[in-house]
Amino acid sequence: MTDITTPVVAETTVRRVRRRDPVPLSAAVGIVIAGGLALLALNGSHLGLTVTTGIAYAIVTVGMVLQLGYGRQLAFSQSVFMGVGAYGTGILETRYGFDSAESLLAVIGLAALAAFCVGVVVTRAPGLALALATLLLPLFVYQLATFSGYLGSFSGIDGVLPFWNGPTYEDALVRSGIVTVVLLGLATGLVLRVMRSGVGLQLMAMAEDERLGESIGVSLRQRRLEVFVLGSVLAAVGGAALASAQGLVTPDILSESAEITLLIMVFVPGRRSVAGTIVAAIVIEYL
């Protein structure tokens, strides 16, 4: 029999966490202002490129905070969906004439569809079984990209457009960086909004005790799939931002080392810290 004090403890924990979370709108606006001012000050320098790249990684890790930190859904698939965003952007722009806005919207839709198809299968496995179910995904997709002529093989895809072009490389880098900061602000606001909603309460209940979640009417399979899809879509957006900042895509974005780097960015500051993982992504990318 489930202890009757368990729901009370779980609800108290959720309320405590939600009080610590910043207000979604304030956090999003603060990120956009601070990031925009920093990129304007760096003025398209090499450090500005590094910071923009770190911000692109932060879009991915913010989704991982929801997926891994709160939902306790350990999946080794973030680098794969970063690759979906990066390679999708590169192919659509260089071979089919899409502009940056059109390619971004297209890869969001593609990533959502791919994540749904994969998630329907892998999210049936709870806990460490999910990690094992997705463990080989980065290796398989990395080999596919490395030896596929359509994906550019070892050299990847060059000529990816910046999000917002400019008269000079420096201007384009600053403008694209600002768009990337806006995307990070939107991602952060969305994740914080989910965590302060009833869905966030259900995720916390699931993480504390799955039997508790079922007892209060939570559809575990549906919530697992929703979290997996959202985290994967944010990873694809981060991949598209990374490709836009660097101007090219290589198979390295799909490698096991890329997945490990993302996990370090989340675990070093604490897997439930949204602000910490943003700072960690930028600092680790700089290092």
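Residues numbered from 1 in each chain as written. Predicted model: local features only at pLDDT ≥ 70, side-chain atom pairs only at ≥ 80, totals over all residues. Heavy atoms only, no water.

Quick look at the overall build of the protein now. The secondary structure content of the protein amounts to 13 helices and two strands. When the 287 residues of the protein are sorted by exposure, 52% land in the buried category. When the accessible surface of the protein is summed, it comes to about 13,000 Å², and 67% of that surface belongs to carbon and sulfur atoms. (Helix = DSSP H or I, 4+ residues; strand = E, 2+ residues; numbered from the N terminus. Buried < 20%, exposed > 50% of the residue type's maximum accessible area, 1.4 Å probe, protein only. Areas by Shrake-Rupley, 256 points an atom, 1.4 Å probe, with all protein chains shown as cover.)

Looking at the protein, pLDDT values average 85 and 87% of them are 70 or higher. A low-confidence stretch, residues 1–11 (pLDDT under 50), is modelled with five contacts involving residues beyond four sequence positions or located in other chains. (pLDDT = per-residue confidence, 0-100. Contact = heavy atoms within 4.5 Å.)

What follows is about helix α12 (residues 256–267). For α12, built from 12 residues, the straight-helix expectation of 16 Å at 1.5 Å per residue is met to within 8% by its first-to-last C-alpha distance of 17 Å. Within α12 the residues assigned to the buried category are A258, E259, L262, L263, M265 and V266. Buried residues of α12 fall within an arc of 155° about the axis and therefore sit on the same side. In this structure, the buried residues of α12 make contact with α3 (46–70), α4 (78–96) and α13 (274–286). (Expected span 1.5 Å × (residues − 1). Arc of directions from axis to C-beta.)

Not every positive phi belongs to a glycine, and N43 is a case in point at roughly 55°. Within the secondary structure, N43 is located in the loop between α2 (24–42) and α3. Notably, S153 is not glycine yet its phi reads approximately 55°, a positive angle.

Following both chains from N to C, one finds helix α8 (residues 169–195) and helix α11 (residues 220–246) inclined at 170°, their axes separated by 10 Å at the closest point. The angle between α8 and α11 places the two elements in the roughly antiparallel class. Between α8 and α11, the residues in contact are L173, S176, T180, L183, A187, L190 and V191 and L230, L234, V237, A241, S244 and A245, respectively. In the contact of α8 with α11, the residues fall into 10 nonpolar, three polar and no charged. (Axes fitted to C-alpha atoms, helices over the stretch in contact; angles between N-to-C directions. Parallel < 35°, antiparallel > 145°, perpendicular 65-115°, else oblique. Nonpolar A, V, L, I, M, F, W, Y, C, P; charged D, E, K, R; others polar.)

The subject of this paragraph is a nonpolar patch on the surface. Nonpolar side chains collect at one region of the surface, where V23, L25, V29, I33, L37 and L40 lie side by side and expose about 580 Å² of accessible area between them. Position of L37 among the secondary structure elements: in helix α2. Note on L37: relative accessible area 55%, which makes it exposed. (Patch = residues over 30% accessible without salt bridge, like charges linked within 9 Å, V, L, I, M, F, W, Y side chains within 5 Å. Salt bridge = Lys/Arg side-chain N within 4 Å of Asp/Glu carboxyl O.)

With that settled, the discussion passes to the pattern of salt bridges. All chains considered together, the criterion is met by one salt bridge. A salt bridge links E226 to R223, with the shortest nitrogen-to-oxygen separation between them at 2.4 Å. In this pair, E226 and R223 are both assigned in helix α11, three residues apart and thus about one turn of the helix distant. E226 gets classed as partly exposed once you look at its relative accessible area, which sits at 36%. Since its relative accessible area comes to 14%, R223 is described here as buried.

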